[in-house]
Amino acid sequence: MTPSSASEPDPASVDVVLPCLDEAEALPWVLERIPRGWRALVVDNGSTDGSAAVARALGATVVREERRGFGAACHAGLTAATAEVVCFCDCDASLDPSDLVPFVDRVRSGEADLVLGRRRPQGRGAWPAHARAGNLALSHLLRRRTGLRLHDLGPLRAARREPLLTLGLTDRRSGYPLQMVVRASDLGWRVAEYDVPYRPRTGASKVTGTWRGTWQAVRDMSRVLSEREEARV
């Protein structure tokens with residue numbers, strides 16, 4: 001199969017999952033950058049700022065997930081998706097969903113089973129020191145656990161929907177993105193990295209904006225790294 005053209009995405013074949021908690025200010029910027037013909041699935045995870053209404057007004061499909069947690073929102077989006085390829089992107093304007101086009105091309109062409117975005121900070125404040133330190137430590141632990149020489153565990157990613165569902169992901173907090181990589185590696189998936197710009201987010205971070213939030217995320221992910229294939233539910 002040859003990669004699709006970046007200028008002409010295959011209609012109705014890509015769903016972009018956007019976990020959302022109080023991102024009304026960032027949504028217009030994010031949604032206007034969804035590639036033509038792709039569907040935006042905004043997963044409202046208990047917003048109180050009218051994010052769901054903003055998303056609907058801008059043409060996105062809104063999925064409601066009452067259980068709080070980044071993983072809960074991501075998985076709700078995955079189970080609601082119907083497209084062949086599913087992408088994930090933060091909804092805070094730190095990442096541009098249009099950067100996912102080459103990710104999808106690599107998945108469709110068979111070059112990779114899971115493509116991750118390696119974040120490259122653009123400007124001051126894009127990636128706080130404590131968040132970068134936590135990511136570096138986890139990347140090192142991931143290499144020891146799986147042998148994958150990845151540099152980032154960022155949220156921008158793409159894979160085929162059906163194989164993703166077979167991973168049986170169970171984490172519903174900050175460990176969800178890492179669990180996806182660990183279980184994919186255990187099954188022999190080809191995992192690739194792709195450089196992407198990383199901008200200062202709009203609004204306050206719910207996870208890595210503080211040392212406490214970063215520490216909680218590291219704890220969640222460390223728990224995921226301790227799991228073994230035979231321990232899956």
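Residues numbered from 1 in each chain as written. Predicted model: local features only at pLDDT ≥ 70, side-chain atom pairs only at ≥ 80, totals over all residues. Heavy atoms only, no water.

K.L.:
Where do I start with the sheet that holds strand S6 (residues 157-160) in this structure?
P.N.:
Each strand in a sheet pairs with another by means of backbone hydrogen bonds, the pair being arranged parallel or else antiparallel. The strand order across the open sheet built from seven strands is S3-S2-S1-S4-S6-S5-S7, with neighbouring strands paired in mixed fashion. The strands lining the two open edges of the sheet, one partner per strand, are strand S3 (61-64) and strand S7 (191-198). The average undirected angle you get between the axes of adjacent strands in this sheet is 25°. Examined bridge by bridge, strand S1 (residues 14-20) and strand S2 (residues 39-44) share six bridges and lie parallel to one another. Looking across to S2, one finds that Cys20 is bridged to Asp44. Contacting strand S4 (85-88), strand S5 (114-121) and S6, helix H7 (residues 176-186) crosses the sheet at an angle of about 135° to S5. (Pairing = 2+ DSSP bridges. Helix = DSSP H or I, 4+ residues; strand = E, 2+ residues; numbered from the N terminus. Axes fitted to C-alpha atoms, helices over the stretch in contact; angles between N-to-C directions. Contact = heavy atoms within 4.5 Å.)

K.L.:
Honestly, unusual backbone geometry in this entry has me stumped. Any pointers?
P.N.:
Glycine aside, residues mostly have negative phi angles, and peptide bonds mostly take the trans form. Of note in the backbone geometry, Asp22 takes a positive phi value of approximately 55° without being a glycine. Positionally, Asp22 belongs in the loop between S1 and helix H1 (27-31). In this structure Asp22 comes out as partly exposed when scored by relative accessible area, which is 29%. Here Ala93, not a glycine, exhibits a phi torsion of approximately 70°, which is positive. Of note, Ala93 is situated in the loop between S4 and helix H4 (101-108). (Buried < 20%, exposed > 50% of the residue type's maximum accessible area, 1.4 Å probe, protein only.)

K.L.:
Explain the packing of aromatic side chains to me, please; I cannot follow it from the model alone.
P.N.:
Each aromatic ring pair is specified by the distance between its two centres and by the angle formed by the two planes. Across all of its chains, the model carries one aromatic pair by this definition. Judged by centre distance (5.5 Å) and plane angle (50°), the ring pair of Phe103 and Tyr194 falls under tilted. Of the two residues, Phe103 is situated in helix H4 and Tyr194 in strand S7; the sequence distance between them amounts to 91 residues. When its relative accessible area of 0% is taken as the criterion, Phe103 is described as buried. For Tyr194, a relative accessible area of 31% puts it in the partly exposed group. Over the face of the ring belonging to Tyr198 we find Arg119, whose NZ or CZ atom lies 5.0 Å from the ring centre. (Phe/Tyr/Trp six-rings, centres within 6.5 Å; stacked < 30°, edge-to-face > 60°. Lys NZ or Arg CZ within 6 Å of the ring centre and 35° of its normal.)

K.L.:
What exactly am I supposed to notice about the pairing of S1 here?
P.N.:
Consecutive residues of a regular strand have side chains that alternate between opposite faces of the sheet. By the criterion of burial, S1 is predominantly enclosed, with seven of the seven residues buried. Judged by which residues are buried, S1 turns out to be covered on both faces: Val14, Val16, Leu18 and Cys20 on one side and Asp15, Val17 and Pro19 on the other are all buried. Relative to S4, S1 is paired through four bridges, and the arrangement is parallel. Looking at the pairing, Val14 lines up with Val85 of S4.

K.L.:
Hey, could you run me through H4 in this one?
P.N.:
The periodicity of an α-helix, 3.6 residues per turn, causes residues three or four positions apart to be oriented the same way. Within H4, seven of the eight residues are buried, which leaves the element mostly enclosed by the surrounding structure. Along H4, the positions that sit buried rather than exposed are Val101, Phe103, Val104, Asp105, Arg106, Val107 and Arg108. In the core, the buried residues of H4 are packed alongside S1, S4, S5, S6 and S7. Backbone geometry just downstream of H4 places Gly110 in the positive-phi region, at approximately 85°.

K.L.:
Whenever I open this one, the pairing of S2 confuses me. Can you help?
P.N.:
The buried fraction of S2 amounts to five of the six residues, a majority that puts the element mostly inside the structure. Bridge analysis of S2 against S3 gives four bridges, and the strand direction is parallel. Paired with Leu41 across the two strands is Thr61, which belongs to S3. With helix H2 (residues 51-57) bridging S2 and the parallel S3, this β-α-β connection has right-handed handedness. (Right-handed = clockwise from strand over helix to strand, strands pointing away.)

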